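Notes for the structure review
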Amino acid sequence: MLFKRLLGSSKVNQHSGNVAPPGQYVTEKFPVMSFGAAPKVDLATWQFDIFGLVESEVSLNWQDFTGLPKTIVDAEFHCVTQWSRLQNTWEGVAFSEVAKLVSFENPVTHVMIHCYGGYSTNMDLESLLEDDVLFAYNHDGQPLDQDHGGPLRLVVPKRYAWKSAKWVNGIEFMDVDKPGFWELRGYHMKADPWEEQRFGSPD
Ligand SMILES: Nc1nc2c(c(=O)[nH]1)N[C@H]1C(S)=C(S)[C@@H](COP(=O)(O)O)O[C@H]1N2
Ligand SMILES: [Mo]
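Right, let's walk through the structure included here. Just so it is clear, the model here is predicted, and its values are computed rather than measured. (Residues numbered from 1 in each chain as written. Chains lettered and ligands numbered in written order. Predicted model: local features only at pLDDT ≥ 70, side-chain atom pairs only at ≥ 80, totals over all residues. Heavy atoms only, no water.)

This part is about the overall build of the chain. Within the chain one finds four helices and twelve strands. Taking 2.2 N^0.38 as the reference for a compact globule, 203 residues should give roughly 17 Å; the C-alpha atoms of the chain span a radius of gyration of 16 Å, in line with that estimate. Across its three principal axes, the chain shows a C-alpha extent of roughly 45 × 40 × 30 Å. Residues counted as buried form 53% of the 203 residues belonging to the chain. Long-range pairs, those at least 24 residues apart, make up 71% of the contacts in the chain between residues at least 6 apart in sequence. Per element, the accessible surface of the chain, about 9,900 Å² overall, is 51% carbon and sulfur. Averaging the locations of the 17 positively and 27 negatively charged side chains of the chain gives two centres separated by 5 Å. (Helix = DSSP H or I, 4+ residues; strand = E, 2+ residues; numbered from the N terminus. Rg over C-alpha atoms; globule rule 2.2 N^0.38 Å. Buried < 20%, exposed > 50% of the residue type's maximum accessible area, 1.4 Å probe, protein only. Contact = heavy atoms within 4.5 Å. Areas by Shrake-Rupley, 256 points an atom, 1.4 Å probe, with all protein chains shown as cover. Lys, Arg positive; Asp, Glu negative; His and termini not counted. Charge placed at Lys NZ, Arg CZ, Asp CG, Glu CD.)

Structural data, given as structure tokens:
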């Protein structure tokens, strides 16, 4: 495909100064939290689709994706089951960089992230465009383990980690907010750990 770009790389630090959000404890371990088994994804057939309210859909293969400009982000990771891992270095492609590949006919307000295995999670577009949000293929200098979402996962440091979708394979741009996998099952639509937005309000 046509995404031959220079490999520029930027670095972002997102830290609150070694303090975990309310109701969280700090761990140096990296627990695996997955609903169901890790899908096995072959890089030769890996595909990432950008669709929804876009002027034209874009599909990327592994080479296209990893050819996009690289970013490095140091960030915290907060699971709603109460563990926080404060020091993580993620390497990958900023969400904002991927979003540049499409244009919109109508105003887009929200996004659904899609994954191999059927998992999904929703967020508002503005939050995803922040400079610490990325699709990561490396964690702490190593290729991302399959259990941790390899080959590619989303990382959204300012949200509970269920929003950091593993095994991602698509972005759907929307003009309404819709619940993803855990949000449908009672978790919060926004999920800000500093506001302890763990569960949504039942309607
Ligand atoms: N596709 C997918 N992504 C997922 C999950 C999942 O079950 N499937 N679990 C979420 C939850 S609840 C957490 S806490 C983090 C955990 O990431 P880790 O297993 O790398 O620690 O991944 C999130 N992303
Ligand atoms: Mo979680």
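From this point, the narrative continues.
What follows is about the site of ligand 1. With respect to spatial proximity, 20 residues lie near ligand 1, and among them Pro 31, Phe 35, His 148, Arg 153 and Lys 166 are the closest. In the model, an oxygen atom of ligand 1 is placed 2.8 Å from a nitrogen or oxygen of the Met 33 main chain. In the environment of ligand 1, an oxygen atom lies 2.6 Å from a nitrogen or oxygen atom belonging to the side chain of His 148. For ligand 1, whose free accessible area comes to 530 Å², the fraction covered by protein is 97%. Among the residues making up the shell around ligand 1, the classes are represented as 14 nonpolar, three polar and three charged. (Near = heavy atom within 4 Å. Polar contact = N/O pair within 3.5 Å; in protein donor to acceptor, adjacent residues only side chain to side chain. Nonpolar A, V, L, I, M, F, W, Y, C, P; charged D, E, K, R; others polar.)

Another aspect to go through is the nonpolar core. With 40 residues, the main nonpolar core has Phe 48, Phe 65, Phe 95, Ile 113, Phe 135, Ile 171 and Phe 173 as its most contacted residues. Among the secondary structure elements, those contributing two or more residues to this core are β3 (48-52), β4 (58-60), α1 (62-66), α2 (95-99), β7 (110-115), α3 (125-128), β9 (134-139) and β12 (168-174). In terms of nonpolar packing, the next biggest core, distinct from the first, is built from 13 residues, Val 12, Phe 30, Phe 77 and Ala 161 among them. (Core = buried A, V, L, I, M, F, W, Y, C linked by side-chain atoms within 4.5 Å.)

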